[in-house]
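A structural walkthrough
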Amino acid sequence: MTFRAAVITFPGSNCDRDMAEALRIVSGQEPLRIWHGDADLPDGLDFIALPGGFSYGDYLRSGAMAANSPIMRAIVSAADRGVPVFGVCNGFQVLTEAGLLPGALMRNARQNFICRDVELTVTNNQSLFTARYDAEQLISIPVAHHDGNYFADDETLDKLEGEGRVAFRYSEDYNGSQRQIAGVLNAAGNVLGMMPHPERAIEQAHGGTDGRALFESLIGELVSA
Amino acid sequence: MLVRILVSLKPGVLDPQGRAVHHALEGLGYSGVRNVRIGRMIELDVDDDTDDDTIKQMCERLLANTVIESYRIERVQS
């Protein structure tokens, strides 16, 4: 089997190595590492990951500068062609700023940086990214963010819920997110953004392995497809 | 030409920072403050012939996130 994954690094990304490591552990293959200043992606990619961190020092708004990086044009066009794209934390912020996912990530409601394990409910276990979870499964995944407060207008939120595009929900209100949304899918189901870090819950040494099923879902679905 | 872009959260979008500052002002004894909203001001020094449409595009594409923010354009010198 081949699984050709790419991890994008922006200036200020700091979870790119964790993401690459998670992909390597679960798929057994070394992902490509792509610098944000590249204008083109390699051909034949199966998967693109946008990692966490503080791209461009969160200047202007978290993710706003990275969303205009040269590589983003290629990522938007890959996403439009159906290539799975996954953004975690700052990667989620970049995906909303780039218009690949609806809504915006605002400063946490209590203004605090939250760094802890949180409990999530898998609200959609039918997606490319979540098929190996049970419906409504409770999982524990770390978060580390200041701007994780998901906002969209009520019409958008109703639509997301109605179309099963809320992938994960926080079990309690950690950061002020509308309807406790922790992760959302695009309409086609090939783009997922989430604030929690599944790539930090892969091995027992991480304190938990609940993130592993996300990568297994993705790799399993892509390889069997 | 100097242009100021005033970016603020849309009405209805909760502004926790503004709320915290509101509380702090009350703590200092200023009881007559009804509401506090915090935004940002971006100053652009642009060519004199830059038209409104171009500045508006800059706001929509980068300077403001129109999902949560509104913006106002002020020409300071002409």
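Here the structure is a predicted model, which is why all the values come from computation and not from measurement.

A word on the overall build of chain B. A tally of regular secondary structure across chain B gives two helices and three strands. Counted from the first residue to the last, chain B has its helices and strands arranged as β-α-β-α-β. By its C-alpha atoms, chain B is 50 × 25 × 15 Å across when sized along the principal axes. Within chain B, the proportion of its 78 residues that are buried is 29%. Considering only intrachain contacts with a sequence separation of at least 6, the fraction spanning at least 24 residues in chain B is 71%. With an accessible surface of roughly 5,200 Å², chain B has 47% of that area assigned to carbon and sulfur atoms.

Residues and elements named next belong to chain A. With the rule as written, the count across this model stands at seven aromatic pairs over all chains. Each ring, one from F3 and one from F47, has its centre 6.0 Å from the other, and the planes form 25°; the classification is stacked. Taken together, the residues F3 in the segment before β1 (5-9) and F47 in strand β3 (residues 47-50) connect sequence positions 44 residues apart. Classification of F47 as buried rests on a relative accessible area of 0%. Where F86 meets F215, the ring centres are 6.2 Å apart and the plane angle is 75°; that geometry is what we call edge-to-face. With a gap of 129 residues between them, F86 in strand β4 (residues 85-88) and F215 in helix α5 (residues 212-224) connect regions that are remote in the sequence. Relative accessible area serves as the criterion here: at 0%, F215 is assigned to the buried category.

What follows covers the interface of chain A and chain B. Note: interface size is frequently given as the accessible area lost on complex formation between the parts. Counting residues at the interface gives 13 residues for chain A, matched by 16 residues for chain B. Carbon and sulfur atoms make up 63% of the area that chain A and chain B hide from each other, which totals about 1,100 Å². Together, L60(A), R61(A) and M106(A) form the three largest contributors to the area buried by chain A at its contact with chain B, with a combined 44%. Our count for the contact surface shared by chain A and chain B stands at one salt bridge. One salt bridge in this structure joins E69(B) and R61(A), with 3.7 Å as the shortest N-O distance. Where chain A meets chain B, there are four residue pairs in polar contact (both at pLDDT 80 or more). Of the residues that constitute the side of chain A that touches chain B, the class distribution is six nonpolar, four polar and three charged.

When its volume is computed, the largest pocket comes out at roughly 530 Å³. As for the largest pocket, its lining consists of 25 residues, of which R61(A), R107(A), Q17(B), R40(B) and E69(B) are closest to the centre. Listing elements by their share of the lining of the largest pocket, those giving two or more residues are α3 (90-97) and β5 (104-106) of chain A together with β1 (2-9), α1 (16-27) and β2 (39-45) of chain B. Across the lining of the largest pocket, the residue classes break down as nine nonpolar, eight polar and eight charged.

This part covers the sheet that holds strand β9 (residues 166-170) of chain A. All names here are of chain A. Strand order in the open sheet made by the nine strands is β2-β1-β3-β4-β11-β10-β9-β6-β7, with mixed pairing throughout. Either end of the sheet is taken by a strand with one partner, and the two such strands are β2 (32-35) and β7 (138-145). Across the sheet, the axes of successive neighbouring strands diverge by a mean angle of 25°, strand direction being ignored. Where strand β10 (residues 181-185) and strand β11 (residues 191-194) come together, three bridges link them in antiparallel fashion. By the bridge assignment for β11, L185 is matched with L192. On top of the sheet, helix α1 (residues 16-27) reaches β1, β2, β3 and β4; it is set at about 170° to β1, its chief contact. Along the sheet face, α3 touches β3, β4, β10 and β11 and points at about 120° away from the line of β4.

Right, let's get into the UniProt feature "active site" (unreviewed entry) in chain A. Residue and element names in this part refer to chain A. UniProt's feature table lists "active site" (unreviewed entry) at C89, H197 and E199, given in the numbering used throughout. For the annotated residues, spread through 111 residues, the largest C-alpha to C-alpha distance comes to 10.9 Å, consistent with a single compact locus. In this fold, H197 is placed in the loop between β11 and α5. H197 sits in the buried class, given a relative accessible area of 1%. Reaching out from H197, the side chain makes a polar contact with the side chain of E199 at a distance of 2.7 Å. Relative to the helices and strands, E199 resides in the loop between β11 and α5. Not counting the four nearest positions on each side in its chain, E199 is found in contact with C15, D18, M19, A22, V88, H206 and F215.

How each quantity is defined
Throughout, residues of each chain are indexed from 1 in the direction in which the sequence is written. Lettering for chains starts from A, numbering for ligands starts from 1, and both go in the order in which the items are written. Only residues with pLDDT of 70 or above have their local features reported here, since the model is predicted, and side-chain atom pairs are shown and tallied only from 80 upward, although totals for entire chains, interfaces and linings are computed over all residues. As a convention, hydrogens and water are excluded, and side-chain values are obtained from all of the structure's heavy atoms. Helix and strand assignments come from DSSP, with helices taken as H or I runs of at least 4 residues and strands as E runs of at least 2, each series counted from the N terminus. Burial classes follow relative accessibility: with a 1.4 Å probe on protein chains only, a residue under 20% of its type's maximum area counts as buried, one over 50% as exposed, and anything between as partly exposed. Only heavy atoms enter the contact rule, under which two residues are in contact if any of them lie within 4.5 Å. Using a 1.4 Å probe, accessible areas were evaluated by the Shrake-Rupley method; residue-level cover was limited to the displayed protein chains. The aromatic pairing rule takes the rings of Phe, Tyr and Trp, using the six-membered ring of Trp, and pairs them if the centres are within 6.5 Å, calling planes under 30 degrees apart stacked, those over 60 edge-to-face and the rest tilted. We define buried area as the total accessible area lost by two parts upon association, computed with a 1.4 Å probe and summed across both. Within this document, salt bridges are pairs made up of a side-chain nitrogen of Lys or Arg and a carboxyl oxygen of Asp or Glu, the two lying within 4 Å of each other. For the purposes of these results, a polar contact is taken to be a pair of N or O atoms within 3.5 Å, where, inside protein, one atom must be able to donate a hydrogen and its partner to accept one; residues adjacent in sequence count only when each atom of the pair is a side-chain atom. Residues are grouped as follows: Ala, Val, Leu, Ile, Met, Phe, Trp, Tyr, Cys and Pro are nonpolar; Asp, Glu, Lys and Arg are charged; all remaining types, including Gly, are polar. Cavity: a set of points on a 1 Å grid over the protein atoms alone where a 1.4 Å probe fits but cannot get out. Pocket: an open set with protein on both sides within 12 Å along at least five of seven lines, its lining residues, like those of a cavity, having an atom within 4 Å of a point. Grid points are joined across faces, edges and corners, and a volume is the space filled by probe spheres set on the points. By definition, two strands form a pair when at least two bridges between them are found by DSSP. Only the contacting stretch of a helix is used when fitting its axis, a line to C-alpha atoms as for every element, and angles between N-to-C directions run 0 to 180 degrees. UniProt positions are given in the numbering used here, feature names are shortened, and annotations may be inferred rather than shown by experiment.

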